[in-house]
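Observations on the model geometry
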Amino acid sequence: MKMSTKIDYLALKCRVEQNKPPTFYSRVSQSKMFSIFQQMKSMDANRYATKKTIAQGMLDIALLTANASQLKYILQVGEQHQFYKLMLILISLSIVLQLLVGILFVAIGSLNINKQSDQTAAIILNDVILVVIFVISVVNVIISGFGIEYSSQPLRLIDTHAKTP
């Protein structure tokens with residue numbers, strides 16, 4: 001696409017979005033306008049939404065992996081950790097909420113937002129996902145605040161197989 005055609009395209013798109021007739025009709029032939037409208041129609045919002053959902057899912061997997069590692073550590077240390085019960089509850093809650101978000105991602109990924117009937121469901125699911133991700137973020141900030149390695153008591157693993165003299 002030439003620069004002048006790109007400028008015309010952007011101007012036309014702007015006018016169409018504002019529900020105004022194009023003012024530069026004399027500079028653009030009907031065939032060019034038809035071509036521009038065809039390109040506008042070919043832009044697929046559904047494809048963008050699917051890619052966005054996949055990217056969010058990848059980030060969710062990364063956070064899930066980090067929480068699983070934290071859970072493993074807290075279970076290995078056990079009651080010796082100063083905030084054992086709190087950390088166990090928060091990490092478990094975070095993992096459960098992440099699994100819920102993963103299920104919601106699968107559900108929203110199956111919707112076609114080009115269909116009017118799926119758009120309302122997609123908007124609602126997107127809002128629910130946003131709220132749950134916010135809660136997950138808050139929970140993980142609290143987990144970081146109570147910290148795995150920032151306990152005031154030094155951690156000592158007890159060797160249960162050690163012989164006492």
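Look up: the structure comes first, before these words.
Definitions and cut-offs
- Residue numbers restart at each chain and count upward from 1, following the sequence in its written direction.
- Restriction of local features to residues with pLDDT of at least 70 applies here, the model being predicted, together with a cutoff of 80 or more for giving and counting side-chain atom pairs; totals for whole chains, interfaces and linings are based on all residues.
- Side-chain metrics in this entry use all non-hydrogen atoms of the structure; hydrogen atoms and water are not considered.
- The secondary structure listing takes helices from DSSP runs of H or I that are at least 4 residues long and strands from runs of E that are at least 2 residues long, numbered from the N terminus.
- In this scheme, a residue with accessible area under 20% of its type's maximum is buried, one over 50% is exposed, and one in between is partly exposed, where area comes from a 1.4 Å probe on protein chains only.
- Methods summary: accessible areas were calculated by the Shrake-Rupley approach with a probe of 1.4 Å, and residue burial reflects only the protein chains presented.
- Every axis in this analysis is a line fitted to C-alpha atoms, fitted for helices over the stretch in contact. Angles between the N-to-C directions lie between 0 and 180 degrees.
- Small angles under 35 degrees read as roughly parallel and large ones over 145 as roughly antiparallel, with 65 to 115 read as roughly perpendicular and the rest as oblique.
- Two helices cross in a left-handed way if the nearer one is turned anticlockwise from the farther one by less than a right angle. They cross in a right-handed way if the turn is clockwise.
- The nonpolar core is taken to be a set of buried Ala, Val, Leu, Ile, Met, Phe, Trp, Tyr and Cys residues, with the residues joined through side-chain atoms within 4.5 Å.
- What makes two residues a contact is simply this: any of their non-hydrogen atoms within 4.5 Å.
- To estimate how far a helix should reach, multiply one less than its number of residues by 1.5 Å.
- Think of it this way: Lys and Arg go in the positive column, Asp and Glu in the negative one, and His and the chain ends go nowhere.
- Salt-bridge detection follows one rule: a side-chain nitrogen of Lys or Arg within 4 Å of a carboxyl oxygen of Asp or Glu.
- The patch calculation keeps residues exceeding 30% relative accessible area without a salt bridge and links them within 9 Å when they carry like charges or within 5 Å when they are nonpolar (Val, Leu, Ile, Met, Phe, Trp, Tyr).

**Quick word on the overall build of the protein chain**
Helices and strands together make up the secondary structure of the protein chain, namely five helices and zero strands. Listing each helix as α and each strand as β along the protein chain from the N terminus yields α-α-α-α-α. Expressed as a percentage of the 165 residues in the protein chain, the buried residues total 27%. Working note: accessible area of the protein chain is about 11800 Å², and carbon and sulfur atoms make up 65% of it.

**Here's the deal with the packing of helix α4 (residues 84-109) against helix α5 (residues 116-146)**
Any two packed helices are characterised by the angle at which their axes cross and by the distance between the axes. The geometry of α4 relative to α5 is characterised by a closest axis approach of 9 Å and an angle of 160 degrees between their N-to-C directions. With respect to α5, the axis of α4 lies roughly antiparallel. Crossing angle aside, the handedness with which α4 passes α5 is left-handed.

**Some words on the nonpolar core**
With 11 residues, the main nonpolar core is built from Leu97, Val101, Leu104, Phe105, Ile108, Leu111, Ala122, Leu125, Ile129, Val132 and Ile136. Excluding residues that lie within four positions of it along the chain, Leu111 makes contacts with Asn46, Asp118, Ala121, Ala122 and Leu125. Counting residues in hydrophobic clusters, the runner-up holds nine residues, among them Tyr84, Leu90, Val139 and Ile143.

**Some remarks on α4**
If you check α4, its first and last C-alpha atoms are 37 Å apart, about what 26 residues at 1.5 Å a residue would give, namely 38 Å. Taken together, the buried positions of α4 are Tyr84, Met87, Leu90, Ile91, Ser94, Ile95, Leu97, Gln98, Val101, Leu104, Phe105 and Ile108.

**Considerations on α5**
An ideal rise of 1.5 Å per residue puts 45 Å on 31 residues; α5 measures up with 46 Å between its terminal C-alpha atoms. Residues of α5 that are buried: Asp118, Ala122, Leu125, Ile129, Val132, Ile136, Val139, Asn140 and Ile143. Looking at the residues trailing α5, positive phi occurs at Gly147, about 55 degrees.

**Thoughts on the side chain of Asn67**
Structurally, Asn67 is set in helix α3 (residues 45-77). If we skip the residues at most four places from it in the chain, Asn67 touches Ile91, Ser94, Ile95, Gln98, Asn140 and Ile143.

**Thoughts on the side chain of Asp118**
Tracing the chain through its elements places Asp118 in helix α5. Buried Asp118, no salt bridge; nearest opposite-charge side chain is Lys115, N-O distance 5.1 Å. Those residues within four positions of Asp118 in sequence are excluded, and the remaining contacts are Leu111 and Asn112.

**Comments concerning a nonpolar patch on the surface**
Together, Val131, Phe134, Val135, Val138 and Ile142 make up an exposed nonpolar region whose accessible area comes to about 420 Å². For Phe134, a relative accessible area of 57% puts it in the exposed group.

**Description of the environment of Val128**
Turning to its location among the elements, Val128 is positioned in helix α5. Judged by its relative accessible area of 37%, Val128 falls in the partly exposed class. It is 8.9 Å that separates the C-alpha atoms of Val128 and Val101, two residues lying 27 residues apart in sequence.

**Concerning the environment of Tyr84**
Take Tyr84: it is sitting in helix α4. Owing to a relative accessible area of 15%, Tyr84 belongs among the buried residues under this scheme. Here the alpha-carbon distance between Tyr84 and Phe146, two residues 62 residues apart in the chain, equals 10.0 Å. Tyr84 has contacts with Ile74, Leu75, Gly78 and Glu79, leaving out every residue within four places of it along the chain.

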